[in-house]
Amino acid sequence: MSTIRPDGADSGRRRSGQLESQIVTVLTDAGLALTPGEVRDRLAPEADLSYSTVVTILSRLHIKGAVIRERDGRAYRYAAVRDAAGLVAERMTRLLSAESDRTSVLRRFLGSLDAGDEQILRDLLRDEAE
C-alpha cells in the first residue's frame, strides 16, 4: 500500500528499516530527547504517519539499544544513542553474524555494489590497513 502525499505524488512504501533510520535522524538532529508526538510532528508534518506507529518504532529502537528513553510525566522522551549510519552498520553486522558462510555473503555483497561504492570500500579498507 502506498501513501499519497498532499502534493498528489505517490510516496510508495518505505524500505525495511527506513522509518527507523528516519526516526533516529530526527532524534540526532534535534540534539535533545523528544516525545513520540514531537518525533511524529518533525518526521511527518502532513500527518501521514500515525502516532502509534512512531511509538512502536521507538519501542523497538529502545529494545535494540539504539535509543534511550526517560520518563516525562506519563510519557517517555527518546534520544538517539547513535546516528542513522551507525544503526544501518549495526544491522549489517547483525545480518552478517547470522550467516555461517560469510565469505559467500561478502562476495555477493561486493558484487552488488556500484563502482563508486566499491571504490569507497576499497579506500576504507586501505586506510584501515595503514
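Up top you'll find the structure we're talking about.
Cut-offs applied
Residues numbered from 1 in each chain as written. Predicted model: local features only at pLDDT ≥ 70, side-chain atom pairs only at ≥ 80, totals over all residues. Heavy atoms only, no water. Salt bridge = Lys/Arg side-chain N within 4 Å of Asp/Glu carboxyl O. Helix = DSSP H or I, 4+ residues; strand = E, 2+ residues; numbered from the N terminus. Buried < 20%, exposed > 50% of the residue type's maximum accessible area, 1.4 Å probe, protein only. Axes fitted to C-alpha atoms, helices over the stretch in contact; angles between N-to-C directions. Parallel < 35°, antiparallel > 145°, perpendicular 65-115°, else oblique. Left-handed = near helix turned anticlockwise from the far one by under 90°. Contact = heavy atoms within 4.5 Å. Polar contact = N/O pair within 3.5 Å; in protein donor to acceptor, adjacent residues only side chain to side chain. Core = buried A, V, L, I, M, F, W, Y, C linked by side-chain atoms within 4.5 Å. Expected span 1.5 Å × (residues − 1). Arc of directions from axis to C-beta.

### Here we look at the pattern of salt bridges
Side-chain pairs of opposite charge can arise whenever the charged atoms involved come near each other.
Consideration 1: For the coordinates displayed, the defined rule picks out nine salt bridges.
Consideration 2: One salt bridge connects Arg77 with Glu38, and the closest N-O pair in it is separated by 2.8 Å. A residue pair is termed long-range when its members are at least 10 positions apart, and Arg77 in strand S2 (residues 75-80) and Glu38 in helix H2 (residues 36-43) qualify at 39 residues.
Consideration 3: With a relative accessible area of 28%, Glu38 lands in the partly exposed category.

### As for the packing of H2 against helix H3 (residues 51-64)
Consideration 1: Here H2 crosses H3 at 110 degrees, and the two axes come no closer than 9 Å. Put simply, H2 runs roughly perpendicular to H3. The interaxial crossing formed by H2 with H3 has right-handed handedness. The residues of H3 that touch H2, namely those facing Pro36, Gly37, Val39 and Arg40, are Tyr51, Val54, Val55 and Leu58.

### Remarks on the environment of Arg122
Consideration 1: Mapping Arg122 onto the fold places it in helix H6 (residues 115-129).
Consideration 2: Within polar-contact distance, the side chain of Arg122 engages the side chain of Glu118 at 2.6 Å.

### Examining the nonpolar core
Consideration 1: Ranked by size, the top nonpolar core spans 18 residues in total, and within it Ile23, Leu27, Leu34, Val39, Val54, Leu58 and Leu61 carry the most contacts.
Consideration 2: For this core, the secondary-structure elements that each account for two or more residues are helix H1 (18-30) and H3.
Consideration 3: By residue number, the principal contributor to this core is H1, which donates six residues.
Consideration 4: Setting aside residues up to four positions removed in sequence, Ile23 forms contacts with Val39, Leu43, Val54, Ile57, Leu58 and Leu61.

### Focus: helix H4 (residues 84-97)
Consideration 1: Helix length check: H4 (14 residues) gives 20 Å between terminal C-alpha atoms against 20 Å at 1.5 Å per residue, within 8%.
Consideration 2: Within the sequence span of H4, burial applies to Ala84, Leu87 and Arg91. Mapping the buried residues of H4 onto a view down its axis gives an arc of 60 degrees, with all of them on the same face.
Consideration 3: Contact partners of the buried residues in H4: H1 and H3.

### A word on the environment of Thr53
Consideration 1: Note on placement: Thr53 falls in helix H3.
Consideration 2: Residue Thr53 is classed as partly exposed on the basis of its relative accessible area of 29%.
Consideration 3: For the pair Thr53 and Leu19, spaced 34 residues apart in the sequence, the C-alpha separation amounts to 9.6 Å.

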